[in-house]
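# Topology and contacts: notes
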Amino acid sequence: MKRMSVVLVVAGLLSVAIPGGAVHAAPESGSLDSVVRAVRKQFAKKSSVRFSVKRRGGPSEPAKVILTSGAYRFTASGVFAADTTEISQYKWGTGRSRDISIGREFYSQGYVRSKDGKYVWKSPPTVGKWIQQRSPSGVIWGEDLVNGINPGFLRLVASQGATSAGGGTFEGVTTTLHSGTVTVPELGERQAGMSFGTEEGRGMWGGRITWKLWVGPDNLPRRFHTIMRFTRPEGGDTETMTMNIIYRGWGTPVTITAPPKHLITDDW
C-alpha cells in the first residue's frame, strides 16, 4: 500500500460509501450511542477539535513511524475543514507534508529529504509552494474512516458488540473506556485517513480492528487506540498496524485558511 500523503496521487483515490450499521443496544448514558450524540452535537454547533496521530506498521509501509497533527472544523454533516501536518520517519530520511482542505478545495505540499539533507522528492517542485485541487474524493472526510469521532465507525462497532468500563484518568479527565473488536472485508488508506469497507470483494486487504475509545464525562472522545490486522482474501501473511489518536480542545476556536494565492502553483 503506497503512502498517499507523501506521494500525492490523490486524483484517482476513491471514497467508499458505507451504510450505517444498526445499533442494537438501547440508548443509554455511557453507551456508544451517547458518544455519537455528543459528537453530532459538536457537528451541529460547527465546533472544532485538535488532534494528534501516531501510526506504526501496515501493509508495504516503508515508514517506521508516521506522526500527524492538526485540527478539524465541523459543519452539521461532519468535518468541513482540516489542516494536517504529517512527518514520516524512514531508515534513509524524513518525509514532511501538509494538507489543507476547506469544503471541496484541497491544498497540499510535501517533500522527502535524505539523512544528508538532499531532497529525494518534492511536490510541488518548489519548496514552500502549494498545489491546489478541487477536492479529490480520497481527501474528503467520510463515514468510512477508522476514527473515534466518526459516527459511521462508531455505529459499526456498536452493532458488533462493545464493552464499557471505567477508563481511569486521561490528561486530568475522568474517562469511560469503550472497547471491542470488529472484522471488516476491506481495510485501506486514503488521504483523509485509514478506511474500512463492509462490502465483500472490493479491497486488496480486509481484517480485524481491535479498538479502544476513552471518552470524558461529556461523552466526547479523548483518546482512540486501534490495532489493525490486515489479511488478503486469498490468505498469506498478516500485516499489523497500530494507531493512536489524541483529541484535545473540543470547542476551542480553530482558524483554517487557504494558502496565499501567490504561493499556489500549477507546476506539479
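The structure contained in this document is the topic of the report that follows. Per chain, the residues get numbers from 1 upward, laid out in the order the sequence is written. pLDDT decides what is reported in this predicted model: residues at 70 or higher carry local features, side-chain atom pairs at 80 or more are listed and counted, and totals for whole chains, interfaces and linings draw on all residues regardless. With hydrogens and water excluded, all non-hydrogen atoms of the structure serve as input to the side-chain values.

## Observations concerning the overall build of the protein chain
- In terms of helices and strands, the protein chain carries two helices and 15 strands.
- Using a 1.4 Å probe on the protein chains alone, a residue whose accessible area is under 20% of its type maximum counts as buried, one over 50% counts as exposed, and one in between counts as partly exposed. Scored against the burial criterion, the 268 residues of the protein chain give a buried share of 50%.
- Intrachain contacts of the protein chain at a sequence separation of at least 6 include 58% that bridge at least 24 residues.
- Throughout, the Shrake-Rupley method with a 1.4 Å probe supplies accessible areas, and for residues the shown protein chains are the sole cover considered. Accessible area of the protein chain: about 12,700 Å², with a carbon and sulfur share of 51%. Secondary structure elements follow DSSP: runs of H or I of four or more residues count as helices, runs of E of two or more count as strands, with numbering from the N terminus. We call two residues in contact when some of their heavy atoms are within 4.5 Å.

## Comments concerning the layout of surface pockets
- In this structure, the largest pocket occupies an estimated 660 Å³ of space.
- Cavities and pockets are found on a 1 Å grid laid over the protein atoms alone: a cavity is a set of points where a 1.4 Å probe fits but cannot escape, a pocket is an open set with protein on both sides within 12 Å along at least five of seven lines, and a lining residue has an atom within 4 Å of such a point. Lining the largest pocket we find 40 residues, and of these Tyr72, Val139, Gln191, Ala192 and Gly193 sit closest to its centre.
- Elements supplying a minimum of two residues to the lining of the largest pocket: strand S1 (48-57), strand S2 (65-75), strand S3 (78-89), strand S4 (93-102), strand S10 (186-190), strand S11 (193-197) and strand S14 (239-248).
- Ranked by residues supplied to the lining of the largest pocket, first place goes to S3 with eight residues.
- For this classification, Asp, Glu, Lys and Arg are treated as charged, while Ala, Val, Leu, Ile, Met, Phe, Trp, Tyr, Cys and Pro are nonpolar and the rest, including Gly, are polar. Across the lining of the largest pocket, the residue classes tally to 17 nonpolar, 14 polar and nine charged. Grid points are joined across faces, edges and corners, and a volume is the space filled by probe spheres set on the points.

## A word on the nonpolar core
- Here, nonpolar core refers to any group of buried Ala, Val, Leu, Ile, Met, Phe, Trp, Tyr and Cys residues whose side-chain atoms link them within 4.5 Å. Counting 41 residues, the largest nonpolar core has Tyr72, Val146, Phe153, Ile209, Phe224 and Met228 as its most contacted members.
- Considering every element that reaches this core, the biggest residue donor is helix H1 (residues 32-44), with six residues.
- Counting seven residues, the second-largest nonpolar core is a separate cluster that includes Ala71, Ala81, Trp130 and Val254.

## What to know about the environment of Glu234
- Along the chain, Glu234 falls in the loop between strand S13 (221-231) and S14.
- When its relative accessible area of 62% is taken as the criterion, Glu234 is described as exposed.
- Between the C-alpha atom of Glu234 and that of Met204, which follows or precedes it by 30 residues, the distance is 9.5 Å.

## Here's the deal with the environment of Lys212
- Mapped onto the secondary structure, Lys212 falls in strand S12 (residues 206-215).
- Given the relative accessible area of 38%, Lys212 is considered partly exposed.
- The spatial distance from the C-alpha of Lys212 to the C-alpha of His225 is 5.2 Å, given a sequence separation of 13 residues.
- When residues no more than four places from it in sequence are discounted, the contact partners of Lys212 are Leu177, His178, Ser179, Arg223, Phe224 and His225.

## As for the packing of aromatic side chains
- Any two rings among Phe, Tyr and Trp, with Trp reduced to its six-membered ring, count as a pair given centres within 6.5 Å; such a pair is stacked if its planes are under 30 degrees apart, edge-to-face if over 60, and tilted if neither. Evaluation of the coordinates by the stated rule reveals ten aromatic pairs.
- Geometrically, the ring pair formed by Tyr247 and Trp250 is tilted, given 6.5 Å between the ring centres and 35° between the ring planes.
- Under the relative-accessibility criterion, Tyr247 is labelled buried at 2%.
- Put simply, the rings of Phe43, Phe74, Tyr247 and Trp250 pair up and form one aromatic cluster.
- Criterion for a charge above a ring: Lys NZ or Arg CZ within 6 Å of the ring centre, and within 35 degrees of the ring normal. The residue whose ring lies beneath Arg113 is Tyr119, and the NZ or CZ to ring-centre distance is 4.7 Å.

## Here's the deal with the environment of Thr240
- With respect to the secondary-structure elements, Thr240 resides in strand S14.
- Sequence spacing of Thr240 and Gly57 is 183 residues, and the spatial spacing of their C-alpha atoms is 6.0 Å.
- Beyond its immediate stretch of four places on either side in the chain, Thr240 contacts Arg56, Gly57, Gly58, Ile227, Met228 and Arg229.

## Considerations on the pairing of S3
- Summarising burial for S3: nine of the twelve residues are buried, a large majority.
- In this scheme, strands are said to pair when DSSP sees at least two bridges between them. The pairing of S2 with S3 spans eleven bridges and is classified as antiparallel. Each bridged residue has a counterpart across the sheet, and for Leu67 the counterpart in S3 is Ile87.
- Between S2 and S3, which pair antiparallel and follow one another directly, the connecting turn spans two residues.
- Bridge analysis of S3 against S4 gives nine bridges, and the strand direction is antiparallel. Counterpart to Thr85 in the pairing with S4 is Arg98.
- Counting the residues that bridge the hairpin from S3 to S4 gives three residues.

## Examining a positive patch on the surface
- Within the patch definition used here, like charges are joined within 9 Å and nonpolar side chains (Val, Leu, Ile, Met, Phe, Trp, Tyr) within 5 Å, considering only residues with over 30% relative accessible area and no salt bridge. The working definition used for a salt bridge is a side-chain nitrogen of Lys or Arg within 4 Å of a carboxyl oxygen of Asp or Glu. Positive charges come from Lys and Arg, negative ones from Asp and Glu, while His and the chain ends are left out of the count. To locate a charge, take atom NZ for lysine, CZ for arginine, CG for aspartate or CD for glutamate. A cluster of basic side chains, namely Lys54, Arg56, Lys64, Lys91 and Lys115, defines a positive patch on the protein surface.
- Along the chain, Arg56 turns up in strand S1.

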